[in-house]
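Structural characterization, general
For reference, the chains in residue letters:
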Amino acid sequence: MTSYPSHLAREIATQPADWAAVRRRVDEALAVLPAHGARVAVVGCGTSYFMAQAYATLREQAGAGHTEAHAASEYPDSRRFDHVVAISRSGTTTEVIELLERLRAEGQTTTAIVATEGTAIPDLATHAFLLPEVDEQSVVQTRFATTVLALLRATLGEDLDQAIADAEAVLAEDEDAALAGVADARQLTFLGRGWTVGLAQEAALKLRESAQFWTEAYPAMEYRHGPISVTTEGGATWAFGEVPPGLDEDVRATGAHFEHRDIDPLADLLRVHRLCLLKAGRAGVDPDRPRHLSRSIILS
């Protein structure tokens, strides 16, 4: 898949198989996730927060009940929920720990979705769902986050067959074909609508972390309200999922490249992962160890 070996490269490559495998755990997940109709908050930090955004939108669209997503540090204490879901790869993120401690004292029902066993967050939650099989060595999250979202989509009744097939095709594709139009971009703006707004935010974060590359992300309809000002020749705008009418022409009129594929948006995120490896390799930076970051943000 790549000429840039790293933990990140190896973890990117397992994702279609990870999504296929996690479907066998849907009933187990449903037993600890909020009931249909429950009023729910989903929380996380960084990548986990963006997966929470995507799930919250999908759950509401599925008619499963009122669902909000919040950064753990910005949880609205004045609101009341039937169930709070916390996502954390490491199980040690300070803001999530502090929130779960407060919620536990209040008697709030919670579920933690965590990769790393034997950590604090699962013990603080009412229910824990562990995914050690998709834990990662790279600081940069990929397969844990996408597998969590794939699982949550499956619990909402979605068929993941097309997403898995699209992801397999993305990883099998020649690098030049997979990244044509974006490999040489000097700047990238990612756009999404509905649940893919979270994916757009995650795509931008991945490139910033892994390759120290200039990226931005916005809801697609907000793009014309200012962000299009940075778009110019040599840049690219990448849309996940539904594209608002006329947006592609607006981007091309700036001289920039417009990128969009009619595939499952979660599979399209894997193309961004491949771009991370390419950009990091060209920049001479280690994609496993972003500057100023650690695998888990633990505050003193």
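No experiment lies behind these values; they were computed from the predicted model shown.

1. Describing the pattern of salt bridges
Tallying each qualifying case throughout the model produces 19 salt bridges. Of the charged contacts, one joins Arg261 and Glu173 as a salt bridge, the two residues approaching to 2.9 Å between their closest N and O atoms. Here the residue Arg261 occupies a position in the loop between β9 (257–259) and α12 (265–283), and Glu173 occupies one in the loop between α8 (161–172) and α9 (175–178), the gap between them amounting to 88 residues. Here Glu173 falls in the partly exposed class, since its relative accessible area comes to 21%. For Asp286, the salt bridge is made with Arg289, and the minimal N-O distance between the two is 2.9 Å.

2. Topic: the UniProt feature "domain: SIS" (unreviewed entry) in the chain
The positions that UniProt labels "domain: SIS" (unreviewed entry) are, in the present scheme, residues 30–163. As a span, residues 30–163 carries 37% helix and 19% strand, and end to end its C-alpha atoms are 21 Å apart.

3. Points about helix α2 (residues 15–22)
Among the residues of α2, those classed as buried are Gln15, Pro16, Asp18, Trp19 and Val22. Angular distribution of buried residues about the axis of α2 spans 160°; they occupy a single face of the element.

4. Remarks on the sheet that holds strand β6 (residues 187–192)
Spatial strand order, β7-β6-β8-β9: four strands in an open sheet with parallel pairing. Looking along the sheet, the strands with just one partner apiece sit at the ends: β7 (215–219) and β9. On average, each strand axis in the sheet is inclined to that of its neighbour by 20°, with strand direction left out of account. Judged from the five bridges that link them, β6 and strand β8 (residues 235–239) form a sheet pairing that is parallel. Within the sheet, the bridge partner assigned to Thr189 lies in β8 and is Thr237.

5. Things to note about the packing of aromatic side chains
Going through the model one piece at a time under the given rule, you end up with five aromatic pairs. With a centroid separation of 5.8 Å and 35° between ring planes, the pair formed by Tyr49 and Phe50 is classed as tilted. Judged by relative accessible area, which is 22%, Tyr49 ranks as partly exposed. Each ring, one from Phe190 and one from Phe240, has its centre 6.0 Å from the other, and the planes form 25°; the classification is stacked. With Phe190 in strand β6 and Phe240 in the loop between β8 and α11 (247–253), this pair connects stretches of sequence that are 50 residues apart. Since its relative accessible area comes to 0%, Phe240 is described here as buried. What links up through ring pairs into an aromatic cluster is the set Phe190, Trp238 and Phe240.

Cut-offs and rules
- Residues numbered from 1 in each chain as written.
- Predicted model: local features only at pLDDT ≥ 70, side-chain atom pairs only at ≥ 80, totals over all residues.
- Heavy atoms only, no water.
- Salt bridge = Lys/Arg side-chain N within 4 Å of Asp/Glu carboxyl O.
- Helix = DSSP H or I, 4+ residues; strand = E, 2+ residues; numbered from the N terminus.
- Buried < 20%, exposed > 50% of the residue type's maximum accessible area, 1.4 Å probe, protein only.
- UniProt positions renumbered as here; feature names shortened; annotations may be inferred.
- Arc of directions from axis to C-beta.
- Pairing = 2+ DSSP bridges.
- Axes fitted to C-alpha atoms, helices over the stretch in contact; angles between N-to-C directions.
- Phe/Tyr/Trp six-rings, centres within 6.5 Å; stacked < 30°, edge-to-face > 60°.

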